[in-house]
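Observations on chain architecture
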Amino acid sequence: MARFLTERLLQALLVLLVMSFVVYMLIGLMPGDPIDLMIASDPNLTAADAVRLKALYGLDKPVIERYFNWLMAALSGDLGYSRLAAQPTLAVVLPRMGNTAILMACTLLLALGIALPAGIYAARKPYTKLDTLVNFLCFGGISMPSFWLALLLIILFAVTLGWLPASGMAPVGSERFADRLPYLVMPVVTLTLLNAGVLTRHIRAAMMEQLRQDYVRTARAKGVGETAVVWKHALRNGMIPIVTIISHDIGTLFSGAVVTETIFGYLGMGKLIYDSVMGNDFNVALVALLAATAMILLANLIADVAYAALDPRVTFAGRKA
Amino acid sequence: MTMQDPAPTLEAEQSGITQPAQTPLRMVVRRFLRHRAAVVSAVFLLLLVLICVAAPLFEVWLGTTFVDQDLFGRYAPPSPGHPLGQDEIGRDVLIRLLYGGRVSLLVGVAAALCAALIGSLVGLLAGFYGGRLDALLMRFTDGIIALPILPFLIILSAIDLKKLGVPSAIALSDEVSLYRIVIVVSLFGWTTVARLVRGGALSVRQREYVRAALALGASNARIMRVHVLPNVVSPIVVAVTLSIGHLILVESTLSYLGVGIQLPLPSWGNMLVNAQDLIYSAPALAIYPGLMIFLTVIAFNFLGDGLQDALDPRAGSRRS
């Protein structure tokens, strides 16, 4: 177990290192230039000042050298300043991580709460009218453009009915968590509707596979009740592929969060990445993207540990990590 | 759509043993026609393509173009001259929808084909040669699947081409956003095909006839072309159809976020850019483009589902 975890953590660090290099290079290719931005915001700067500023920030050096300087500074804990927020990068990124974690955890729970019963029901009564209906709804969820669904929900619940706030995080000046809940509803519902379809289809396929197995017939033959057969025997084995699917889908879920957070003005990682990329806030864009990747890799790792807990045949020692 | 030709023969020849009276192609068609949602989708997509191709005719008929503004006709409701009304600067909504459809369909199909090409190449190499190369390529594929893709797409779409040395005459032209988004989107869309082809190549490689071909001195390239690829064509066709829908979603998302298709070229995604500010004054403008995306994507998904039932009945999860 310890060896497995160390190996996976080292791997995750390697991925992050490679990513930091790739993203650093890509961000250098984005339109705009930090010095140009300073010149644009301060008309008193002269050409000589620009050259001096370039030297001060190390921007006259080749890009590889700049990357290593950034990496060394980052490793010693200096992640630079945010251009837009005028705060240390970490102070900008950290609060956002919690918000996104809340959003994604709520979504995952609600999506599973819908997909488990729906998928299991469809698997038990395949090719019936209700199974077909569930299948149609799944296709609908999979095919829905995230931003359009968000717009429709805003039009219905915020504009027409006036039940929910159209965007934001909390009423002005409020610190209580309970006040934030109404603002959480629409982002969570949007993300859930987008993701429950895929989950349901996978759960249906996995459960149908299990319900065909001999051990299920054995359990029924010896008189185990149908509820126990489905929810205890079959589900336990069916969960194994499902957990893998969930772990693979966390990246997709995050991509969805970028759109929904941006539309609903929810201050999470997705909106932060979008705003910082669009606003030339390179330090924040880089660190936020790495932090988001780290969150996803961590979630994948948790899924792998859960996988081993569900399937006793899988041992950490024998598994190719 | 032309890619499906070799597949029916192969698949149906195998299952044709039980029903010798039917030709392979007819069996595939029959199985496809049983999937009612797929048939409806196919008809819908055919009509959509025809209407979108005919968009310039609609311009002549209505006497306006997709860029013509009419500031006195802002937010005008539907009228004979503008069947779906006019948008926030008085452009005809119907014509922009049709041109947006051209862009979305073109990007979806082109990107899906590019992605299938990359995926087939990676999958063939990994599955056929196996060993270290396989491990490396598949680890890379898994890595890409796990990444938060959308932020990367946003950054790639926002890159300043002039910094890459592209002449500014090209970098600033209207069509560049079209080519760029096809490339960017296909760079991340190839993973499904790669896994499918790898799986197919792995299993075919072990068959006797491939060993026989090897013993007869067939080159690796010939084996891949003659024996491996035809065996994986049907899953590739299914995957490409499904990915067209998915990639149209990605394109429209990027265009909505302002980094995809750039004005004056309309796309269903960028028609919604201002929609959030207009939901109080003109909610209808937010409905049409999204509805078109939704219908098109769901049609491609049903079509892919139906093709899977028809071409690959054993692999189909629905009717097993």
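The paragraphs below set out a description of the structure included in this document. No experiment lies behind these values; they were computed from the predicted model shown. (Residues numbered from 1 in each chain as written. Chains lettered and ligands numbered in written order. Predicted model: local features only at pLDDT ≥ 70, side-chain atom pairs only at ≥ 80, totals over all residues. Heavy atoms only, no water.)

1. Topic: the overall build of chain B
- Of regular secondary structure, chain B possesses 14 helices and zero strands.
- Each helix and strand of chain B, placed in order from N terminus to C terminus, yields the pattern α-α-α-α-α-α-α-α-α-α-α-α-α-α.
- For chain B, the residues scored as buried account for 53% of the 320 residues in total.
- Put simply, of all contacts in chain B between residues at least 6 apart along the chain, 69% involve residues at least 24 apart.
- Surface summary for chain B: the accessible area is close to 14,900 Å², and the carbon and sulfur share equals 67%. (Helix = DSSP H or I, 4+ residues; strand = E, 2+ residues; numbered from the N terminus. Buried < 20%, exposed > 50% of the residue type's maximum accessible area, 1.4 Å probe, protein only. Contact = heavy atoms within 4.5 Å. Areas by Shrake-Rupley, 256 points an atom, 1.4 Å probe, with all protein chains shown as cover.)

2. A word on a nonpolar patch on the surface
All names here are of chain A.
- On the surface, L14, L17, V18, F21, V22, V63, I64, F68, M72 and L75 cluster together into a nonpolar patch covering about 910 Å² of accessible area.
- Contributing elements (two or more residues each) for the nonpolar patch: helix 1 (2–28) and helix 4 (63–75).
- With respect to the helices and strands, L17 occurs in helix 1. (Patch = residues over 30% accessible without salt bridge, like charges linked within 9 Å, V, L, I, M, F, W, Y side chains within 5 Å. Salt bridge = Lys/Arg side-chain N within 4 Å of Asp/Glu carboxyl O.)

3. A few points about the interface of chain B and chain A
- Between chain B and chain A, the contact holds 46 residues from the first and 48 residues from the second.
- With both chains or domains summed, chain B and chain A bury close to 4,300 Å², and 72% of this area falls on carbon and sulfur atoms.
- Taken together, chain B and chain A are joined by zero salt bridges.
- Listing elements by their share of the side of chain B that touches chain A, those giving two or more residues are helix 6 (131–146), helix 7 (149–158), helix 12 (220–256), helix 13 (275–278) and helix 14 (283–311) of chain B.
- With twelve residues, helix 14 of chain B is the largest single contributor of residues to the side of chain B that touches chain A.
- Taken together, the residues that form the side of chain B that touches chain A break down as 32 nonpolar, seven polar and seven charged. (Buried area = accessible area lost by both parts, 1.4 Å probe. Nonpolar A, V, L, I, M, F, W, Y, C, P; charged D, E, K, R; others polar.)

4. Here we look at the packing of helix 10 (residues 226–264) of chain A against helix 12 (residues 282–310) of chain A
Residues and elements named next belong to chain A.
- Put simply, helix 10 and helix 12 touch, their axes get as near as 9 Å, and they point 180° apart. Taken together, the axes of helix 10 and helix 12 lie roughly antiparallel to each other. The residues of helix 12 that touch helix 10, namely those facing R236, M239, I240, V243, T244, S247, H248, I250, G251 and F254, are A292, I296, A299, N300, A303, A306, Y307, A309 and L310.
- Each residue belonging to the contact of helix 10 with helix 12 can be placed in one class, and the counts come to 13 nonpolar, five polar and one charged. (Axes fitted to C-alpha atoms, helices over the stretch in contact; angles between N-to-C directions. Parallel < 35°, antiparallel > 145°, perpendicular 65-115°, else oblique.)

5. A few points about the side chain of S247(A)
- On the secondary structure map, S247(A) appears in helix 10.
- Ignoring anything within four residues of it in the chain, the contact list for S247(A) reads N300(A) and A303(A).

6. Regarding helix 7 of chain B
- With respect to burial, helix 7 of chain B is a largely interior element, ten of its ten residues being buried.
- Within helix 7 of chain B, the full set of buried residues consists of I149(B), L150(B), P151(B), F152(B), L153(B), I154(B), I155(B), L156(B), S157(B) and A158(B).

7. Here we look at the pattern of salt bridges
Residue and element names in this part refer to chain A.
- Inspection of the entire model under this criterion finds eight salt bridges over all chains.
- With a closest N to O distance of 3.1 Å, K271 and D275 form a salt bridge. One end of the pair, K271, and the other, D275, are both in helix 11 (residues 269–278), four residues apart, so they sit about a helical turn from each other.
- A residue is classified by how much of its surface remains accessible, and K271, at 16% relative accessible area, is buried.

8. Thoughts on the nonpolar core
- Membership of the largest hydrophobic core comes to 151 residues, with the highest contact counts inside it found for I154(B) and L254(B).
- At 17 residues, the largest contribution of residues to this core is made by helix 12 of chain B.
- Setting aside its immediate chain neighbours within four residues, I154(B) contacts V258(A), Y274(A), V277(A), M278(A), L254(B), L257(B) and V259(B).
- With 26 residues, the next largest nonpolar core counts A111(A), A115(A), A123(A) and M239(A) among its residues. (Core = buried A, V, L, I, M, F, W, Y, C linked by side-chain atoms within 4.5 Å.)

9. Quick word on the side chain of S255(B)
Residue and element names in this part refer to chain B.
- Tracing the sequence through the fold places S255 in helix 12.
- A residue is classified by how much of its surface remains accessible, and S255, at 1% relative accessible area, is buried.
- Setting aside chain neighbours within four positions, we find S255 in contact with I181, G260, I261, S267, G269, N270 and V273.

10. Notes on the environment of P80(B)
- Position of P80(B) relative to the elements: it lies in the loop between helix 4 (55–62) and helix 5 (93–129).
- Considered as a pair, P80(B) and L62(B) are 18 residues apart in the sequence and their alpha carbons are 8.6 Å apart.

Keep in mind these numbers describe shape, not what the thing actually does.
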